[in-house]
Structure formats: C-alpha cells, structure tokens
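A closer look at the structure
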Amino acid sequence: MSNERQQPKSTHHSSQCLQMPPIMGPPSSKLFWTPDLGVQTKVLDFYDDSDETSAAIHNQIVTKLEENGLGLDMISAYSADNASLNYGRYNSVFQKLKENNSCILKANCVAHIIHNSAKHAGDRLNIDIENVVNKTFSHFSSSAKCIEELKSIHTFVEIEYQSLLRHVPTRWLSLWPAVKRLHDSWAPIKTYFLSLGEDRCPKSLWWLFKDDQDGEGNPLDLQVYLSFLSNALKIFHDTVLVLEREDGTVCELYDMMFTLKTKLQQRQSDGFFGAQTGVLLQQFPDRQAAVLREDMCNFYQSSLTYLEQRHDFSDSNYQKKVGSLALKSPFNFSHLCEAVEVLQLSKKLDVDALYDEYCVILPHQQAIVQSGAPVVEKWATLLKHTHTPNMTALASFLLSIPITNASVERVFSLMTGCWTDTRNRCSVNLIKSEIQVKSNFTFSCKDFYTYVVKEKVLLNAVRSNKKYKFKKKPEDAGEKV
C-alpha cells in the first residue's frame, strides 16, 4: 500500500494540493508512503489558468487527475490557502470535491492561520511595526553612505554590525527575524536617526525617536515594542517552523495548535511580555507603562481571537481524534477504531483483520514510542517487515493528510527561479518540466547518469528533432510531437 501526496494544481495566482492514499490501489509512478520509503511529496502537474472560479479549479483538478490515470476516489484531503474560494461553505472547490467524494478531508493551511493571527494582532498595536521595519530597511538599503555611518556607530558602541532585514508581508517567517535584528541593533539605530535630526530623518521614524532627541537615554515606546515583539513573535515563528517540516503529520497538529493557544493565554493571564520588556516598563511613568501593558495584552487577545475563529479547537475536530496515533505513547485498539471512523475508512478496511494486525505490532510499540524519531519514521519502523495491509493502509491515509500548504508554495519559488526576466519566453510546459525534474527526482548526478544511459527511448527522444517545431520536416507536419 502506498500513500499518495499529490499536487495537481499550481498556477500563478493560487495553489492547491491533493493528498492521495492508496486505499483503492494506486497507479504506478505516483506519490506514495511505504514503510520503506516514507512520505514522498511530488509535483503531478503545473499549468496556467486565468479562470480562478471554484468551478474552473475543480474541473482542472478532475482533468489533471484523469490525465494521469487517477480519480477523486483516491483523494484523502484537499489542501490550499484559506480563501473562501477554496473552503467556502456553499460553492467552494472543497464543497465541489466533496460532491464527488464525501470522504475528502479539509486540510487548509494552518501556517497561514498562524501567520495571519500574528499579523492581525500586530495591526492593532499602537505602533505600526511592519512600517517601522520596512522603513528602516529601506532607508539603509538605498545608500551605501548611510550603511557606513551606521557601521561606524556600531563600532563606537562596541556592537557587532549586522545588516537589517526586510519584512515581506506574504512570507510567513520574515517578520520576527526582521524585528529581532532591529531590536538587537537598537542602540546604534537610535543614535543614528537622532543624529540626523528632524530635517533629515524620515518623518514617520522621527516621531518615534524624538522624545530622546536631547540624548539623555530616555526609554522610548518603540524600544518597548521591539523588545516585546522580539519575544512574542518568536512563539508564532517557532510554531510555523515546526509545521513547515517535511516530516510533520496531522497526528501532531492539534497538539501543536493547542500548545500555541495555551502559551498565548498564559502570557496574557500573567501579564508576561518578556523579561527585558518588564525591566524597560519600570523606567516609564506608571500611567504610560499601564497604557503599554494594556496594548500588549490586546496583542495577545487579538491573536487568540483570530486563532479561535479560524481553527477548530473543539473535541469533535478529527485532528484531535487521530492525535493518539502520533506514537508519543502506546495506543490501543479503540484509538485505531476511532481513527477509522473519523477518516471514514470503515468500508475500505477489514476491522477484524485490523485487530489481528494490532496484536502483531503491540509488543513493539513501547520501544518505538521511546525512540524519539519523527512520527513518519516511527510508523515505518512499526510496520516494516510485517504483513499488516490494513494497518499500513490506515497509516498511509493518515500520513497523506497535509498540515500546511508549504510544499505548494515551494513550487512557486521554483517557478520564480525558472521563469526569470531573461527567460520570459519560456513555455508553461518547459517550466513544468523543470519544476517536475527538480521536485520529483532525487538522483545524484552519478545516479542520474547511470539511470539515463539505460533508457534508450529517452536517449532517442533527446536526439530527435521532433521536440523542435521549427525543425520539423514538411512530411512530419501532421505527426504528434
């Protein structure tokens, strides 16, 4: 049995990912999970389509699957960004897929939710931190002279110079590093902008620094916010990093999201904004410090509200029901039955045989739980060298469910690298081929050479002129190329 993790849809504007298990028996040369190979993520197709209606996307998905000998009955989950087009209640792509296969699971991108919750909370602070980060970066990125002046200040205050970072709003992991870099360089940055004076300093930044224009070292609101956000945003940043790992599974998802929620709730309850932030707040007048504390508490509350509105923390969430199969502790047969029920696999598995297979792997659970390996490796170790087709099928389905849309976003990065300004006349098919080669092949150069020299059909195709339309002979005009 194999675990299909397919990406049949990738366009310039949106991204979809279909996850495909092998319950019905997968076609060859597709994406899969086995105890021997683990989870594989491959690109099935890549195309350009200006029609972004839910009906058009649904039709494209069905067509691309059929072209590759696949069907919607093999899909375990639909993963995409969280737009209503993809997951709306009535006329979305997901609802149309459900009409064809009622067992398809919703696997919307949790990394998007976490990123947007931090952004949403940051937008409600009394200071526009994204504007501060990018305005500061922009000031230095356009002038080598300004950079040299900043470097000289770093040298004078004996702080190692590090280039400021730019924040890209659409990147999940760019805000915290940019804020932290600005926070770590606070003393030289403040000195630099104060030295410019009101006439030369960008006005939006001068309002944040001017309270210490006499150079008395007065604490500034901006300093407090940078200290607070370098601490608070790291919680979101670290969670997204874990979610983006290729070995992350849906078995771990509910626990990760609940942990994030708990951390934010506890910090809000305790009024904890970071140790350094607490020290800075003591230097402010009581009334001003109270305003800052209230604003930072609102940050926690805004992020929590956003998370709770867009992620299901209820006991009925299927992600919670399969959490016992993360192999953090031994599971029992009732956990397997619960997973079979919530994943709607009862008609595709022999539950009686599943119990016999459970008895086979039961003596090995404890040792595997204690191994500390990723979940996918634990399942591989548990099922390797055993005849457990039903257990393997269940694990295959379970491990095919994505937790983020990161793999599809990486396709866009590959596209950008291939489709440069100097290669702007490349066809979609050419870019598709390059992306598929880069994504789907794991050969080393030596292994690829060994593979190619044995493929006579491929070598003949490479030598042929048929791939060049301008070299076709008149008698070949009617041939398929």
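These figures come from a predicted structure and were not determined experimentally. (Residues numbered from 1 in each chain as written. Predicted model: local features only at pLDDT ≥ 70, side-chain atom pairs only at ≥ 80, totals over all residues. Heavy atoms only, no water.)

1. Quick notes on the overall build of the protein chain
Counting its secondary structure elements, the protein chain contains 23 helices and six strands. In the protein chain, which comprises 481 residues, the proportion classed as buried is 48%. Counting only contacts in the protein chain whose residues sit at least 6 apart along the sequence, the fraction spanning at least 24 positions is 73%. Only carbon and sulfur atoms are counted for the fraction: they give 50% of the accessible area of the protein chain, which is about 24400 Å². (Helix = DSSP H or I, 4+ residues; strand = E, 2+ residues; numbered from the N terminus. Buried < 20%, exposed > 50% of the residue type's maximum accessible area, 1.4 Å probe, protein only. Contact = heavy atoms within 4.5 Å. Areas by Shrake-Rupley, 256 points an atom, 1.4 Å probe, with all protein chains shown as cover.)

2. Describing the confidence of the model for the protein chain
On average, residues of the protein chain score 87 in pLDDT, and 89% of them are at 70 or above. Per-residue pLDDT stays below 50 along residues 20–31; that stretch engages in 49 contacts with residues further than four places along the chain or on separate chains. Ignoring residues within four places in sequence, the model shows residues 477–481, a span with pLDDT below 50, making six contacts including any to other chains. (pLDDT = per-residue confidence, 0-100.)

3. Considering the packing of helix 15 (residues 333–342) against helix 16 (residues 351–361)
In contact at an axis separation of 11 Å, helix 15 and helix 16 are set at 140 degrees when each is read in the N-to-C sense. Here helix 15 is positioned oblique relative to helix 16, judged by the angle of their axes. Every pair of crossing elements has a handedness; the one defined by helix 15 and helix 16 is right-handed. Packed against helix 15, whose contacting residues are Phe333, Leu336 and Val340, the element helix 16 presents Val351, Leu354, Tyr355 and Tyr358 at the interface. Grouping the amino acids of the contact of helix 15 with helix 16 by side-chain chemistry returns seven nonpolar, no polar and no charged. (Axes fitted to C-alpha atoms, helices over the stretch in contact; angles between N-to-C directions. Parallel < 35°, antiparallel > 145°, perpendicular 65-115°, else oblique. Left-handed = near helix turned anticlockwise from the far one by under 90°. Nonpolar A, V, L, I, M, F, W, Y, C, P; charged D, E, K, R; others polar.)

4. What to know about the packing of aromatic side chains
One pass over the structure, following the stated rule, counts 23 aromatic pairs. When the centroid spacing of 5.0 Å and the interplanar angle of 90 degrees are considered together, the rings of phenylalanine 333 and tyrosine 355 count as edge-to-face. Highlighted residues: phenylalanine 333 in helix 15 and tyrosine 355 in helix 16, separated in sequence by 22 residues. Looking at phenylalanine 333, the relative accessible area reads 17%, which means it is buried. Seen in terms of ring centroids, tyrosine 355 and tyrosine 358 are 6.2 Å apart; in terms of plane orientation they differ by 40 degrees. Their pairing is tilted. Here tyrosine 358 and tyrosine 355 lie together in helix 16, a separation of three residues that amounts to about one turn. Using a relative accessible area of 40% as the deciding quantity, one classes tyrosine 355 as partly exposed. Following the ring pairs from residue to residue traces out a cluster consisting of Phe140, Trp186, Tyr192, Phe193 and Phe209. Positioned above the aromatic ring of tyrosine 306 is the side chain of arginine 310, whose terminal nitrogen or guanidinium carbon lies 3.8 Å from the ring centre. (Phe/Tyr/Trp six-rings, centres within 6.5 Å; stacked < 30°, edge-to-face > 60°. Lys NZ or Arg CZ within 6 Å of the ring centre and 35° of its normal.)

5. A closer look at the pattern of salt bridges
Side chains that differ in charge, positive against negative, can pair when their charged atoms come close. In this structure the tally under the stated criterion is 14 salt bridges. One salt bridge connects glutamate 148 with lysine 151, and the closest N-O pair in it is separated by 3.8 Å. Of this pair, glutamate 148 and lysine 151 both sit in helix 6 (residues 144–156), three residues apart, roughly one helical turn. Accessibility expressed as a relative area gives 48% for glutamate 148, which makes it partly exposed. Relative accessible area serves as the criterion here: at 32%, lysine 151 is assigned to the partly exposed category. One network of salt bridges, with partners in common, ties together Asp45, Lys64, Glu67 and Lys432. (Salt bridge = Lys/Arg side-chain N within 4 Å of Asp/Glu carboxyl O.)

6. A closer look at helix 13 (residues 286–310)
For helix 13, which comprises 25 residues, the first-to-last C-alpha distance of 36 Å matches the rise-based estimate of 36 Å (1.5 Å per residue) to within 8%. Taken residue by residue, helix 13 has Ala289, Leu292, Asp295, Met296, Phe299, Tyr300, Ser302, Ser303, Leu304, Tyr306 and Leu307 as its buried positions. Packed against the buried residues of helix 13 are helix 4 (110–122), helix 10 (221–243), helix 11 (250–270) and helix 12 (275–281). (Expected span 1.5 Å × (residues − 1).)

7. With respect to empty space enclosed by the protein
Where empty space is left becomes clear once a probe the size of a water molecule has been rolled over the atoms. The tally for this structure, following the rule as stated, stands at five cavities of 30 Å³ or more. In this model, the largest cavity occupies a volume close to 150 Å³. Where the lining of the largest cavity is concerned, the elements lending two or more residues are helix 4, helix 7 (175–184) and helix 10. Class assignment of the residues belonging to the lining of the largest cavity gives a composition of ten nonpolar, four polar and three charged. (1 Å grid on protein atoms, 1.4 Å probe; cavity = no way out; pocket = protein on both sides within 12 Å on 5 of 7 lines; lining within 4 Å. Points joined across faces, edges and corners; volume = space filled by probe spheres on them.)

8. Some points on the side chain of serine 400
Of note, serine 400 is situated in the loop between helix 19 (389–399) and helix 20 (406–418). Reaching out from serine 400, the side chain makes a polar contact with the side chain of serine 76 at a distance of 2.7 Å. (Polar contact = N/O pair within 3.5 Å; in protein donor to acceptor, adjacent residues only side chain to side chain.)

9. Some words on the nonpolar core
In terms of nonpolar packing, the biggest core is built from 103 residues, with Phe299, Leu343 and Trp379 touching the most fellow members. In terms of residue count, helix 10 provides more of this core than any other element does, twelve residues in total. Tyr78, Tyr87, Leu97 and Ile104 belong to the second largest nonpolar core, which has 16 residues in total. (Core = buried A, V, L, I, M, F, W, Y, C linked by side-chain atoms within 4.5 Å.)

10. Considerations on unusual backbone geometry
Within the chain, glutamate 158 stands out as a residue other than glycine whose phi angle is a positive 60 degrees. In this fold, glutamate 158 is placed in the loop between helix 6 and helix 7. Its identity is not glycine, yet histidine 385 carries a phi of approximately 65 degrees, on the positive side. Note on placement: histidine 385 falls in the loop between helix 18 (375–383) and helix 19. A residue is classified by how much of its surface remains accessible, and histidine 385, at 78% relative accessible area, is exposed.

11. Looking at helix 19
For an α-helix the count is 3.6 residues per turn, leaving residues at separations of three or four pointing the same way. The element helix 19 is largely enclosed, with a buried count of ten among its eleven residues. Within helix 19, the full set of buried residues consists of Asn390, Met391, Thr392, Ala393, Leu394, Ala395, Ser396, Phe397, Leu398 and Leu399.

12. Side note on the pairing of strand 5 (residues 77–80)
Burial of strand 5 is two-sided: the residues Ala77 and Ser79 facing one way and the residues Tyr78 and Ala80 facing the other way are all buried. When strand 5 meets strand 6 (residues 105–106), the two strands line up parallel, connected through two bridges. Considered in strand 6, the bridge of alanine 77 is made with leucine 105. (Pairing = 2+ DSSP bridges.)

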